[in-house]
There are 2 protein chains.
Amino acid sequence: MRLLEERIQRDGIVRAGNVLKVDSFINHQMDIGLFEEMAKEWKRRFSEKPINKILTIEASGIGIAAIVAREFQVPVVFAKKSQSINLDADNFVTKIRSFTHGREYEVIVSRKFLGSEDHVLIIDDFLANGCALMGLLEITQMAGAAVEGIGIAVEKGFQEGGRLIRERGIQLESLAIVESMDDETGEIHFRAQE
Amino acid sequence: MRLLEERIQRDGIVRAGNVLKVDSFINHQMDIGLFEEMAKEWKRRFSEKPINKILTIEASGIGIAAIVAREFQVPVVFAKKSQSINLDADNFVTKIRSFTHGREYEVIVSRKFLGSEDHVLIIDDFLANGCALMGLLEITQMAGAAVEGIGIAVEKGFQEGGRLIRERGIQLESLAIVESMDDETGEIHFRAQE
């Protein structure tokens, strides 16, 4: 998506260790006007799918997912990342490893909010190694829900997550796919998309 | 706000220990249509204020804040709850105590996204003892930003947070204020509002 790629070129910051900071418009400060354009693009790309629920994971996916849900006119469920005393005992739970935070945590969705009647679009801000997505896919499987597709804002195309998801035959729509970046020059190259 | 009170009466669940679960429409599954009506109501109540930024805290405030920001046509900043390696060193940081999770954590906002030019509306889903809000107020003070008001979905009127905020002269608009609730009968009483 040209608009997002241009924004990443302009405001994204490349750091050593293949870190791409987009915190001025995606995952700390959020540009809601941009999110609306992204939501419209996903609506176009998933127009054939009978989506009745958006699924995401806290925290930085929630803002995008809320705007996408508005566009699709369906509810959002966000997976929680650690057991809270306010959560029901009756949950779908799986474990994932976060490389960003260097630790394992549980991903939790209440059984009340995901079931075999659901046709889910999974939304998240970033896809790198795919650990968070694998956790969400496992939860949808436990629930017997159908995954109609996955929408990602920024995919790191040089990490394996995107390939692993596509090999499973899931429609994955990443609006910007970074092929390479250079923290010395600040250059960012995107994979060509239609 | 009548619409929200009715929804809480219908779908809220009262648990022992003054716990009110609204996870089917506010803080696990999110009803975006309801959030849009809440956003319009806050827009009405804060129509005189020169708001140029929404501030919230992860995770459950983010969805509401995104929809409110869309209504106000301004960006959102969400405070993070623990140091992440993707965050700049250059942050406003304060400590708050969460009674829900029974631990202390840091609240963090990058200095890049909050400053003396900002007129902030703080948005959150719940107000009880007010610890999270006090943390956000401290951060806005560090940043030299003006707090134009606070919008809360559900206030527990029998806890002290609301009183403490109002005593500071801040315009606090809670769309539903629970005066009392009974986990045996499931009854919920709201404070009368204009």
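Presented here is an overview of the structure given in this document. (Residues numbered from 1 in each chain as written. Chains lettered and ligands numbered in written order. Predicted model: local features only at pLDDT ≥ 70, side-chain atom pairs only at ≥ 80, totals over all residues.)

Time to look at the overall build of chain A. Looking only at helices and strands, chain A has five helices and 11 strands in total. Over its C-alpha atoms chain A spans a radius of gyration of 16 Å, differing by no more than 12% from the 16 Å that the globule rule assigns to 194 residues. The principal-axis extents of the C-alpha atoms in chain A amount to approximately 50 × 35 × 30 Å. Across the 194 residues in chain A, those meeting the buried criterion constitute 45%. When contacts within chain A are restricted to residue pairs at least 6 apart in sequence, those whose partners lie at least 24 apart make up 60%. (Helix = DSSP H or I, 4+ residues; strand = E, 2+ residues; numbered from the N terminus. Rg over C-alpha atoms; globule rule 2.2 N^0.38 Å. Buried ≥ 20, exposed ≤ 12 C-beta atoms within 10 Å, placed from the backbone. Contact = placed C-beta atoms within 7 Å.)

Moving on to unusual backbone geometry. With an omega of 5 degrees, the peptide bond running from A:E58 to A:A59 counts as cis. Along the chain, A:A59 turns up in the loop between β4 (53–57) and α3 (61–72). The backbone of A:Q73 sits at a positive phi, close to 60 degrees, despite the residue not being glycine. By the element assignment, A:Q73 lies in the loop between α3 and β5 (76–79). A positive phi angle, near 55 degrees, is found at B:N18, a position not held by glycine. Tracing the sequence through the fold places B:N18 in the loop between β1 (13–15) and β2 (19–21).

All right, on to the relation of the copies chain A and chain B then. Rotating chain A by 180 degrees and translating it 0.0 Å along the rotation axis places it on chain B, where the RMSD comes to 0.0 Å. The transformation just described matches what one would write down for a two-fold rotation axis. Both copies share a contact surface, since 100% of the interface residues of chain A are interface residues in chain B too. (Least-squares fit on C-alpha atoms with pLDDT ≥ 70 in both.)

Reading across from one edge, β11(A)-β10(A)-β9(A)-β8(A)-β4(A)-β5(A)-β3(B) is the order of the seven strands in this open sheet, with mixed pairing throughout. A single partner strand is all that each edge strand has here, and the edge strands are β11 (188–190) of chain A together with β3 (29–30) of chain B. Two strands pair when backbone bridges link them, and β4(A) and strand β8 (residues 119–127) of chain A are joined in this way by three bridges, in the parallel orientation. Residue pairing for β8(A): A:I54 is matched across the bridge by A:L121. (Pairing = 2+ DSSP bridges.)

A word on the environment of B:G144. By the secondary structure assignment, B:G144 is in the loop between α4 (131–143) and β9 (146–156). Those residues in contact with B:G144, other than ones at most four positions away along the chain, are B:G115 and B:S116.

Looking now at α4(B). Residues and elements named next belong to chain B. Relative to the 18 Å expected for 13 residues at 1.5 Å per residue, α4 spans 19 Å between its end C-alpha atoms, a close match to the ideal helical length. All of the buried residues in α4 are A132, L133, G135, L136, L137 and I139. Just beyond α4, the residue with positive phi is G144, at close to 75 degrees. (Expected span 1.5 Å × (residues − 1).)

A word on the interface of chain A and chain B. Facing the 29 residues of chain A at the interface are 29 residues of chain B. Put simply, the parts of the chain that give the side of chain A that touches chain B at least two residues each are β2 (19–21), β3 (29–30), α3 and β5 of chain A. In terms of residues, the side of chain A that touches chain B owes the most to one element, α3(A), which gives six residues. Residue composition of the side of chain A that touches chain B, grouped by class: 14 nonpolar, nine polar and six charged. The pairing of β5(A) with β3(B) spans two bridges and is classified as antiparallel. (Nonpolar A, V, L, I, M, F, W, Y, C, P; charged D, E, K, R; others polar.)

Residue and element names in this part refer to chain B. Its 14 residues give helix α2 (residues 32–45) an end-to-end C-alpha distance of 20 Å, which sits within 8% of 20 Å, the value for a rise of 1.5 Å per residue. Every buried residue belonging to α2 is among I32, F35, M38, A39 and W42, and all of these are buried. The buried residues of α2 occupy an angular sector of 110 degrees when the element is viewed end-on, so they sit on one face. (Arc of directions from axis to C-beta.)

Attention now goes to the sheet that holds strand β11 (residues 188–190) of chain B. Strand order across the open sheet formed by seven strands is β3(A)-β5(B)-β4(B)-β8(B)-β9(B)-β10(B)-β11(B), with mixed pairing between neighbours. Of all strands in the sheet, those with a lone pairing partner are β3 of chain A together with β11 of chain B, marking the two edges. As judged from the three bridges shared by strand β10 (residues 172–181) of chain B and β11(B), these two strands associate in the antiparallel manner. Looking at β11(B), one finds that B:V178 is bridged to B:F190. Strand contacts of α2(B): β9 and β10 of chain B, with the helix running at about 120 degrees to β10(B), the strand carrying the most contacts. (Axes fitted to C-alpha atoms, helices over the stretch in contact; angles between N-to-C directions.)

The next thing to look at is the pairing of strand β5 (residues 76–79) of chain B. Residue and element names in this part refer to chain B. Covered by surrounding structure in β5 are V76 and F78 together with V77 and A79, the residues of both alternating faces. In terms of strand pairing, strand β4 (residues 53–57) meets β5 through four bridges, oriented parallel. Bridge pairing links T56 to F78 in β5. For the crossover that starts at β4, traverses helix α3 (residues 61–72) and ends in the parallel β5, the hand is right-handed. (Right-handed = clockwise from strand over helix to strand, strands pointing away.)

Quick look at the environment of A:L34 now. Residues and elements named next belong to chain A. With respect to the helices, strands and loops of the structure, L34 is situated in helix α2 (residues 32–45). Residues L34 and L114, spaced 80 residues apart in sequence, show a C-alpha to C-alpha distance of 28 Å. In this view, L34 contacts R7 and F25; residues no more than four positions away in its chain are not counted.

Bringing the packing of α2(A) against α3(A) into the picture now. Residue and element names in this part refer to chain A. It is the contact of α2 with α3, at a shortest axis distance of 9 Å, that shows an interaxial angle of 50 degrees. Taken together, the axis directions place α2 and α3 in an arrangement best described as oblique. When you trace α2 past α3, the crossing you get is right-handed. Judged by residue contacts, I32, F35, E36, M38, A39, K40, W42 and K43 of α2 engage G63, I64, I67, V68, E71 and F72 from α3. A per-class count over the contact of α2 with α3 returns nine nonpolar, one polar and four charged. (Parallel < 35°, antiparallel > 145°, perpendicular 65-115°, else oblique. Left-handed = near helix turned anticlockwise from the far one by under 90°.)

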